[in-house]
Structure formats: structure tokens, C-alpha cells
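# Structural features, examined
If you want the building blocks of each chain, they are given just below.
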Amino acid sequence: CLTKSRHRSLTLANSNSNHSHSRTRERHKSPRNKDGRGSEKSVTIQPPTGEPLLGNDSARTEEVQDDNWGETTTAITGTSEHSISQEDIARISKDMEDSVGLDCKRYLGLTVASFLGLLVFLTPIAFILLPPILWRDELEPCGTICEGLFISVAFKLLILLIGTWALFFRKRRADMPRVFVFRALLLVLIFLFVVSYWLFYGVRILDSRDRNYQGIVQYAVSLVDALLFIHYLAIVLLELRQLQPMFTLQVVRSTDGESRFYSLGHLSIQRAALVVLENYYKDFTIYNPNLLTASKFRAAKHMAGLKVYNVDGPSNNATGQSRAMIAAAARRRDSSHNELYYEEAEHERRVKKRKARLVVAVEEAFIHIQRLQVEEQQKAPGEVMDPREAAQAIFPSMARALQKYLRTTRQQHYHSMESILQHLAFCITNGMTPKAFLERYLSAGPTLQYDKDRWLSTQWRLVSDEAVTNGLRDGIVFVLKCLDFSLVVNVKKIPFIILSEEFIDPKSHKFVLRLQSETSV
């Protein structure tokens, strides 16, 4: 029995070994194409709805396509490296609820401002029209003086209307967490001013039925003049006060440490945060989380290579094991810089190699399309290609090199195939060179250069120790947070500079040549 069981186990082991060897051979054995290259891994790609990616309707019926669109030229896809937890989902839902509240607040403020503006513009007209309507027969004749005042009121109201439209009725750039203090103060001032004029008008003119119509018209003119002065005050507080730089803001991105400096005037914290975000989208390079995964993977690989063996038995606690791992990690730290050096050198070599291949492929493709343009002039009008068709014609020759370069530099999720075709057609239309076409892909650009769905930062949260309606001052630090990273803003006051003058007489520029025996002069 023992011999039979040993024989059976030996036979089972041999069969498992044969199966494993056959699977290994099948894994390493890949079919060859006609050009001698191995076939790439196939994945399921869901193309976007709308027009076909390459102008071919039959391409949309293919669901199982090659993952390398450099060979098949059907689609370019990017895999998201972000994971969303339950806390993130709860935070997103909370942001949506907050956005609903912000919408209500925004429409309420717009309604109040519109009602107050309508009241301001109708009040002088009502002051002039009510006496002739209520007691026309009792009014004293005014004549030419009132007619001139009518013209003055009309033109002043027109100027006030244009100025109010230019200053207040502009598209909102963002939703602020708090109200704008100066704007709210101006609205309160205008409301109290108009109410006080109406009270005086009701007590001294309507109740007594004043017959001096010229004095009533001059009263309306004084109201319009005061409104013009309030508009001038609004220009000073809202626009001119912040023009002179008083503070320097250092903005640092928390993930990669990229920083910029901006000079601002007297602004509140929330308005300064808005200026920082507006400049962030055009000055900072787009945030690429894939560039940070290499260092995390390297640290995880080093820690994964450490093993702790419990020699003394299960009596030791976890403290000894953690100390052993820390000591082993410290000993391995001495040799980790060599691995980092060779990894970066290898990565730079691969990037340079694939960049050279991409540049050559794009230059050859552009030369080809230029030759096509010369040849197409002699063909029938029905055979002439538009820029979109020309881009689709030359794109397959550069697609593989471009895809490999984007994957090596970890930019593949920022550039879809449709965006590349649109950019290529744009370059062909405007007669740009291959270098101009490649500039977008060889170096990371600002956030505004990419599509909005690639920004990864649309909603921000302002975190500050002080009230966001307070003004900027030296030493304030506030943080702008989004889902993936944050911007740390440090405020420094511009120092007071003492500049003195020193006069030099032009006649004092006299020189003497001293000759020595060793000199060559």
C-alpha cells in the first residue's frame, strides 16, 4: 500500500510538473506577426459616443481591440490611478449639498442687488413725475430751467447706468464662502441713502403738496449727483484700492513642492485665494499623480524585502520586531541611493531614446503631408483632404512612438486620441512645424492647456485660522485644498525700501595710467 501511494503521488507530481512546464511554454510563446513582432495584449475598449474616432464606422463595432493604439490606431485610453473611499464619497456628497446652498445664496444676492438697482434708477424719475400727476394745477410754472434740469438728469442717469453695468453686472468668477464686505457695505449705504431721500420727500413734498416744481426737480438732481459720487466710491473701494502691491504670496503645492510667488494689494483672504487659484491654472504645471507613484513603489519594495524571524519563540512582543525592522531599514538605506541613481539614469535613457524616435516619426509624417498637399492641388476637388482627414492620414505613422513616449513619461491619461487628432489638425491648418506640434507632449504644460475633465481639481476648500473676510497681513498662512492635493499660501509683507540718491560729477571721471617695468604696455 505504501509503495502504491508513493507511486501515485510521484505520478501526480510529474503530471503537475508537466502541466506547469506546458503553461510556462505557452506563456512565453507568443504568436508572431508578419513583420516579426510579437502581438500586443488585447483589452476591451469602450469608444466614446459621437463621431467615429478615425472616421470609420466599422471601428465602432469592434469591442475587443488592441491596447496599443500605436499599431491599431483605434483608440487611446488612460487608466485612472485614483481610488475613492467611502469618506471621499461622503465628502463629495457634502460638497454637492454645499453647492446647492451656494446657488441659493448666489441667486438671493443677485435678486437683492437687482431690486436695489431698480429702486435707485426709478427713484429720481418718480420724484419728478409724482407732483404733476397728483397736483398739476397747483404747481408753479418752471419753464426753461426745468427743461435743462430734465436733460441733465437724463444724461446723468445714462452715465450711472453704464457705470453700474460695467462695475457690478459682470459674470461671477467663483462662489465665495463669505460675502464681499465692501460690496455689502455699498449696498447698505445705497439702501439707507435712498430710504432717507424717500422719507424727506414724503414728509416735505408729498404731505405739504409743495408748489415749487423747480425745487422738486433740483432735489431729484441732487439725488442723482449723490448716486454718482457713491459710484465713484465703489470704484475706489472695489477696483483701485487693490492695485498697489503690498504683500507677496508664496504658493507651494503640497505633493511635489512646486512654488510660485505673486504680489497682491489690500485684499481679503478669500479674494486673495481666488487670485491664487486663477493664477494656479495658468502658471503651475498640471498635477500628475503618476509621477509620485515611483518613489512610493520604491519605498514599498525596500520594506517588502525585510523579513523578521522570531528566534526566541512567541514570547517576544511586536516592539522588538518593529525595532529590528527599523534597524534593518537603516542598514539598507546606505545602499538605496545607488538603486535610485541607476533607476533614474535608466529612466532618463529610455525617455531620451523614445523622444528621439518620436521626433523622427513626427518629422517624417509632416514631410509626408506637405508632399500630399503639393500633389493634391492637381487632383479633382472631390479628392482634396481637409485638415481633419489629413491628420487622420498621417497619425498612424507616429501613433506608436507617441504612445510609448507618453507611457514612459506617465502622461498617457492626459492625452486622448481625439485630443491628439484635434491638435494635429490645428497644427496642419495653421502651418505649424513638427516642433510646435510636439511641444505639448515633450513637456508638461499648465492646467488650462488640457481638457477640463483632466484637471482633477475643480472644487476647492479654503482653510484658515482667521476669518476669510479679514484682510491680508504679514505672517498669515492659509491652505486651499482639493481632492488630491493642496496649495499652502504664506503671506509676507513687502518691506519698506529706503532709496537714497548719490550725485557723481561727470568731470570727476579722470584716470591716470601707471606704467611698471613688468607690464606689457
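It should be emphasised that the depicted structure is a prediction, and the values quoted were computed from it without experimental measurement.

According to the stated counting rule, one finds 19 aromatic pairs in the structure shown. Measuring from ring centre to ring centre gives 4.8 Å for Phe 193 and Tyr 197, while their planes differ by 50 degrees; the resulting arrangement is tilted. Residue Phe 193 and its partner Tyr 197 are both found in helix H5 (residues 181-206); the two are separated by 4 residues, about one turn of the helix. A relative accessible area of 15% means that Tyr 197 is categorised as buried. Measuring from ring centre to ring centre gives 5.7 Å for Trp 460 and Phe 485, while their planes differ by 80 degrees; the resulting arrangement is edge-to-face. Of the two residues, Trp 460 is situated in the loop between helix H12 (434-442) and strand E5 (461-464) and Phe 485 in the loop between strand E6 (477-481) and strand E7 (486-493); the sequence distance between them amounts to 25 residues. Phe 485 shares its class with Trp 460; the two are buried. The rings of Phe 127, Phe 193, Tyr 197, Trp 198, Phe 200, Tyr 201 and Tyr 219 are connected pair by pair, giving a single aromatic cluster. Over the face of the ring belonging to Phe 485 we find Arg 253, whose NZ or CZ atom lies 5.9 Å from the ring centre.

Moving on to the pairing of strand E3 (residues 247-253). Each regular strand shows side chains that alternate between the opposite faces of the sheet. Only one face of E3 is buried, namely the one carrying Phe 247, Leu 249, Val 251 and Arg 253, since none of Thr 248, Gln 250 and Val 252 on the opposite face is buried. As defined by bridge partners, E3 adjoins strand E4 (residues 259-264) across 6 bridges and the pair is classed as antiparallel. Directly across from Phe 247, in E4, lies its bridge partner Leu 264. Bridging between E3 and E7 involves 7 bridges; their strand directions are antiparallel. Among the inter-strand pairings, Thr 248 is bridged to a residue of E7, identified as Lys 492.

Sheet topology note: the E6/E7 ladder contains 5 bridges and is antiparallel. Across the sheet, Val 477 pairs through a bridge with Asn 490, a residue of E7. Linking E6 back to E7 in an antiparallel pair, the connection comprises 4 residues.

Quick look at the state of the cysteines now. Within the structure shown, the criterion is met by 1 disulfide. Here Cys 142 pairs with Cys 146 through a disulfide, and the sulfurs are 1.3 Å apart. Every disulfide takes its handedness from the sign of the S-S torsion; for Cys 142 and Cys 146 that torsion is 90 degrees, giving right-handed. In this structure, Cys 142 and Cys 146 share a single accessibility class: buried.

Attention now goes to the sheet that holds E6. Pairing is antiparallel in the open sheet, where 5 strands are placed in the order E4-E3-E7-E6-E5. The sheet is open, and its two borders are formed by E4 and E5, each paired with just one other strand. Strand-to-strand twist across the sheet, computed as the mean angle between neighbouring axes with direction ignored, equals 25 degrees. In the packing of helix H7 (residues 269-283) onto the sheet, the strands contacted are E3, E4, E5, E6 and E7, and the crossing angle to E4 comes to about 135 degrees.

For the rest of this paragraph, the subject is the environment of Lys 435. Here Lys 435 is to be found in helix H12. Taking C-alpha positions, Lys 435 is 8.7 Å from Val 362, a pair spaced 73 residues apart along the chain.

Inside soluble globular proteins, nonpolar side chains tend to come together where they are buried. Residues Phe 127, Phe 193 and Tyr 213 are the most contacted members of the largest nonpolar core, which totals 30 residues. Elements represented by at least two residues in this core include exactly helix H3 (86-134), helix H4 (144-167), H5 and helix H6 (213-240). Top contributing element to this core by residue count: H6, with 11 residues. Aside from chain neighbours lying at most four places away, what touches Phe 127 is Tyr 197, Trp 198, Tyr 201, Ile 216, Tyr 219, Ala 220 and Leu 223. The next biggest cluster of nonpolar side chains, apart from the first, holds 27 residues, and it includes Leu 402, Met 417, Leu 421 and Cys 427.

All right, on to the packing of H4 against H6 then. At their nearest, the axes of H4 and H6 sit 10 Å apart, and the two run at 20 degrees to each other. When the interaxial angle is binned, H4 and H6 end up roughly parallel. Where H4 crosses over H6, the handedness of that crossing is left-handed. Taken together, the residues of the contact of H4 with H6 break down into 17 nonpolar, 5 polar and 3 charged.

So, about the environment of Ile 128. Assignment of secondary structure puts Ile 128 in helix H3. Taking the relative accessible area as the measure of exposure, Ile 128 reaches 10% and is therefore buried. In sequence terms Ile 128 and Tyr 219 are 91 residues apart; their C-alpha atoms lie 9.0 Å from each other. Not counting residues up to four positions away in its chain, the partners in contact with Ile 128 are Phe 150, Val 153, Tyr 213 and Ala 220.

Along the chain, Ser 268 turns up in the loop between E4 and H7. The buried category is assigned to Ser 268, whose relative accessible area is 11%. Beyond its immediate chain neighbours, meaning those up to four positions away, Ser 268 contacts Val 468, Thr 469, Asn 470, Gly 471 and Leu 472.

What counts and how
- Sequence order as written defines residue numbering, which begins from 1 separately in each chain.
- Two thresholds apply to this predicted model, a pLDDT of at least 70 for residue-level local features and 80 or more for giving and counting side-chain atom pairs, whereas whole-chain, interface and lining totals are computed over all residues.
- Each side-chain value is worked out from all heavy atoms of the structure, with water and hydrogens disregarded.
- Side-chain rings of Phe, Tyr and Trp (the six-membered ring for Trp) are treated as a pair once their centres are within 6.5 Å; stacked means planes under 30 degrees apart, edge-to-face means over 60, and tilted covers the remaining angles.
- Secondary structure elements follow DSSP: runs of H or I no shorter than four residues count as helices, runs of E no shorter than two count as strands, and numbering proceeds from the N terminus.
- Burial status follows relative accessibility: with a 1.4 Å probe on protein chains alone, a residue under 20% of its type maximum counts as buried, one over 50% as exposed, and anything between as partly exposed.
- Only when the NZ of Lys or the CZ of Arg is both within 6 Å of the ring centre and within 35 degrees of the ring normal is a charge said to sit over the ring.
- Only when DSSP finds a minimum of two bridges between them are two strands counted as paired.
- Throughout, disulfides are identified as pairs of cysteine sulfur atoms within 2.5 Å of each other.
- Only C-alpha atoms enter the line fits that serve as axes; for helices the fit covers just the stretch in contact. Angles between N-to-C directions range over 0 to 180 degrees.
- Any two residues whose heavy atoms approach within 4.5 Å at even a single point are treated as in contact.
- Joining through side-chain atoms within 4.5 Å is the link that ties buried Ala, Val, Leu, Ile, Met, Phe, Trp, Tyr and Cys residues into a set, and such a set is a nonpolar core.
- To sort the angles, those under 35 degrees are grouped as roughly parallel, those over 145 as roughly antiparallel, those from 65 to 115 as roughly perpendicular, and the leftovers as oblique.
- Handedness of a crossing is defined here by the sense of rotation of the near helix relative to the far one, left-handed for an anticlockwise turn of less than a right angle and right-handed for a clockwise turn.
- Under the grouping applied here, Gly and all other residues not named as nonpolar or charged are polar, the nonpolar ones being Ala, Val, Leu, Ile, Met, Phe, Trp, Tyr, Cys and Pro and the charged ones Asp, Glu, Lys and Arg.

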